[in-house]
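Per-entry structural report
The residues making up each chain are set out below.
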Amino acid sequence: MKRPRSITLRLTLYFSIASTAVLLVGGFVIGRLVEAHLAEQDLRTLQGKLELVRATLADTRTQRGVAPLSAALDSALIGHHDLFVQVIGPDGRILYASSDLLFPEVLRSSTGPGAAATEIRSITWESDDRRYRGIAGSAATGNAGEAPAIAEVALNIDFHRSFMAEFRNSLWLAIAAGIVISALLGWVSARRGLAPARRMLKLTQRISANRLGERLPPESVPAELSDLAVAFNDMLDRLEDSFRRLSDFSSDLAHELRTPVGNLMMQTQVALSKARTADEYREVLYSNLEEYERLAHMTSDMLFLAKADNGLIQNADETVSLDEEIRQLFAFYDALSEERGVDLVLIGEGCVRGDRAMLRRALGNLLANAIRHTAHGKAITVRIGRSGNRTELRVENPGEPIAGEHLPRLFDRFYRVDPSRRSKGDGAGLGLAITKSIIEAHGGEIGASCAEGSVRFEIALPAG
Ligand SMILES: Nc1ncnc2c1ncn2[C@@H]1O[C@H](COP(=O)(O)OP(=O)(O)O)[C@@H](O)[C@H]1O
Ligand SMILES: [Mg+2]
């Protein structure tokens, strides 16, 4: 997988792209506004001049020839070096031209006979490498009854052009500088913004296997990172818990092995301390056999759990009727329950899909526990029912309540509520752990609860 780009680089890049876009748009708009402003200014000047020409024209009788008009206009326009004026008579004859500047045809046609002064648009053109802006308008001559002439006025706007060119140059330079500065600022802020992440890294580096108790204080990191800190802490909680269970497990294991091995050693030493009869030896061997069986049972249970941990337990896929299994288990435990004076009651029915032998083992563990913990004369109830697409099974027996802190730990390996009690019938505390791995291997859940003097183990499995 390609490694994602650095966050600092990314933020800097996005920041630069955004500020570049903003600066470019800003620069473009400013350029346009200045240009429009200049054009507006030109137009106003031109309109003033057009009015001047109109007034002069109205005062001059053209019939008296072109000369008086020229003289009148020349004197009116004196001192306006950049201004060009041309007057065209109604017959298309040029009545007056302030210079030999060529006015374009479009200018003439841009004005209708009655075009109002406010409607006048300016037109720009180029002639001899110089740029002009001009307007045209009809202008009544001083001769009554004569069609109006057309007055054209133009300004040389080369000055504006060079101003705009210079203005644009400085604008682009400023924008380029702005882009560089914002990229730098973006980089600095991205680095500063990520400082809490680096601090978090320092904190996490302090955490190691023997310092799993350390946590990241979520209130000491910015809001965006606090979820991460919380998730990280949760992960540490789980790790710490598994770690603790693992180390408990090894010490429990040593503990569990020590007792039978100790018993075996002691019995053997006692037997060897003097000469015995064959019957006495046989008795010692029988007693040893019991311990060996216990050890064999424990090791095979542990092997099963190790396999389950690694997902190695084989899972046949057949429809298993839970009520049928429970009935068979009741038959199996018949003698034991009778001996203990405990009634076995089954209510309901239901099927699941899975491995018959394993499910029987799981349910058998629950029943064996229940029978062992039920007082004489009481009854164990197994209830099977359905809720949605799950089949639920509940084993309930009246008995001594289990304190709340023990309930979630009952399914831990070697966990027993009362560690001192270790009578013959008791297992090594692996039964519920095995039940749980079997149920989970079948995609189900198991939980223990305790209420009103009853201990309850509940299983939910996908219905078959
Ligand atoms: N039905 C029950 N009523 C009361 N306590 C129970 C019941 N089932 C299990 N327990 C408690 O849970 C512990 C763990 O059970 P389990 O894993 O089967 O181990 P074991 O049966 O070998 O002691 C038991 O030691 C007992 O303290
Ligand atoms: Mg048990």
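Residues numbered from 1 in each chain as written. Chains lettered and ligands numbered in written order. Predicted model: local features only at pLDDT ≥ 70, side-chain atom pairs only at ≥ 80, totals over all residues.

Once that is clear, we can look at the overall build of the chain. When helices and strands are tallied, the chain shows 11 helices and 12 strands. In terms of C-alpha radius of gyration, the chain reaches 51 Å, well past the compact-globule figure of 23 Å for 464 residues. In terms of principal-axis extent, the alpha carbons of the chain reach across some 165 × 50 × 40 Å. When burial is assessed residue by residue, the chain has 20% of its 464 residues classed as buried. Put simply, 68% of the contacts in the chain that link residues at least 6 apart link residues at least 24 apart. (Helix = DSSP H or I, 4+ residues; strand = E, 2+ residues; numbered from the N terminus. Rg over C-alpha atoms; globule rule 2.2 N^0.38 Å. Buried ≥ 20, exposed ≤ 12 C-beta atoms within 10 Å, placed from the backbone. Contact = placed C-beta atoms within 7 Å.)

All right, on to the packing of helix α7 (residues 278-309) against helix α11 (residues 431-441) then. Two quantities define a packed helix pair, namely the angle between the helix axes and the distance between the axes. Put simply, α7 and α11 touch, their axes get as near as 10 Å, and they point 30° apart. The orientation of α7 with respect to α11, classified from their angle, is roughly parallel. The two elements α7 and α11 cross, and the hand of that crossing is left-handed. Listed contacts from α11 to Asp301, Phe304, Leu305 and Ala308 of α7 are Ala433, Ile434, Ser437 and Ala441. A per-class count over the contact of α7 with α11 returns 6 nonpolar, 1 polar and 1 charged. (Axes fitted to C-alpha atoms, helices over the stretch in contact; angles between N-to-C directions. Parallel < 35°, antiparallel > 145°, perpendicular 65-115°, else oblique. Left-handed = near helix turned anticlockwise from the far one by under 90°. Nonpolar A, V, L, I, M, F, W, Y, C, P; charged D, E, K, R; others polar.)

Attention now goes to the site of ligand 1. If you check the shell around ligand 1, you find 21 residues, and the closest are Asn369, Val417, Gly427, Gly431 and Leu432. When residues of the shell around ligand 1 are traced back to their parent elements, those giving at least two are α10 (356-373) and α11. (Near = placed C-beta within 6 Å.)

This part covers the sheet that holds strand β11 (residues 445-451). Strand order in the open sheet formed by 5 strands is β7-β9-β10-β12-β11, with mixed pairing between adjacent strands. Looking along the sheet, the strands with just one partner apiece sit at the ends: β7 (343-347) and β11. Adjacent strand axes in the sheet meet at a mean angle of 15° when their direction is disregarded. Relative to strand β12 (residues 454-462), β11 runs antiparallel, the two sharing 7 bridges. By the bridge assignment for β12, Cys450 is matched with Val455. (Pairing = 2+ DSSP bridges.)

The next point concerns unusual backbone geometry. Its identity is not glycine, yet Asp129 carries a phi of approximately 70°, on the positive side. Of note, Asp129 is situated in the loop between β3 (123-127) and β4 (130-139). Even without a glycine there, the phi angle at Glu452 is positive, about 45°. For Glu452, the location among the structural elements is in the loop between β11 and β12. What makes Glu452 exposed here is the crowd of 7 C-beta atoms within 10 Å.

Turning our eyes to something else, we now look at the packing of helix α1 (residues 7-59) against helix α4 (residues 158-193). In contact at an axis separation of 8 Å, α1 and α4 are set at 160° when each is read in the N-to-C sense. Taken together, the axes of α1 and α4 are roughly antiparallel relative to one another. Crossing geometry of α1 relative to α4 is assigned as right-handed. Partitioned by chemical class, the residues of the contact of α1 with α4 number 17 nonpolar, 11 polar and 3 charged.

This paragraph deals with helix α6 (residues 223-272). Counted at 1.5 Å a residue, the expected span for α6 with its 50 residues is 74 Å, and the 73 Å between its end C-alpha atoms agrees. Little of α6 sits inside the fold, with 3 of its 50 residues counted as buried. Buried within α6 are the following residues: Ala229, Asp252 and Glu256. Where α6 is buried, its residues meet α5 (195-205) and α7. (Expected span 1.5 Å × (residues − 1).)

Right, let's talk about the domain arrangement of the chain for a bit. Where interface size is quoted, it is often the accessible area lost as the parts come together. Annotation of the chain at the domain level lists domain 1 (7-167), domain 2 (218-309) and domain 3 (318-462). One C-alpha centre belongs to domain 1, the other to domain 2, and the line joining them spans 102 Å. (Domains from an automatic or database assignment.)

Right, let's get into the environment of Ala136. Along the chain, Ala136 turns up in strand β4. On the basis of neighbour counts, which here come to 27 C-beta atoms within 10 Å, the residue Ala136 falls in the buried class. When the C-alpha positions of Ala136 and Leu107 are compared, they lie 6.1 Å apart, and in sequence the two are 29 residues distant.

On to the pairing of strand β5 (residues 149-156), then. For β5, the tally of buried residues reaches 7 of 8 residues, placing the bulk of the element in the interior. Looking at chain direction, strand β1 (residues 83-88) and β5 are connected through 6 bridges and run antiparallel. Across the sheet, Phe84 pairs through a bridge with Ala154, a residue of β5. In the sheet, β4 pairs with β5 via 8 bridges, with the strands oriented antiparallel. Within β5, the residue paired with Gly134 across the bridge is Ala154.

Further remarks concern the sheet that holds β5. With respect to topology, 5 strands assemble into an open sheet ordered β2-β1-β5-β4-β3, the strand pairing being antiparallel. Only two strands of the sheet have a single partner each, and these edge strands are β2 (94-97) and β3. Each strand of the sheet is rotated relative to its neighbour by a mean of 25°, with strand direction disregarded. Inspection of the sheet shows β3 paired to β4 by 5 bridges, in the antiparallel sense. Following the sheet pairing, Ser127 is matched in β4 by Arg130. On the sheet, α1 packs against β1, β4 and β5 and is oriented at approximately 140° with respect to β5.

With respect to the helices and strands, Leu236 occurs in helix α6. A count of 18 C-beta atoms within 10 Å places Leu236 in the partly exposed class. A sequence separation of 23 residues divides Leu236 from Gly213, and the C-alpha atoms of the two residues are 7.9 Å apart.

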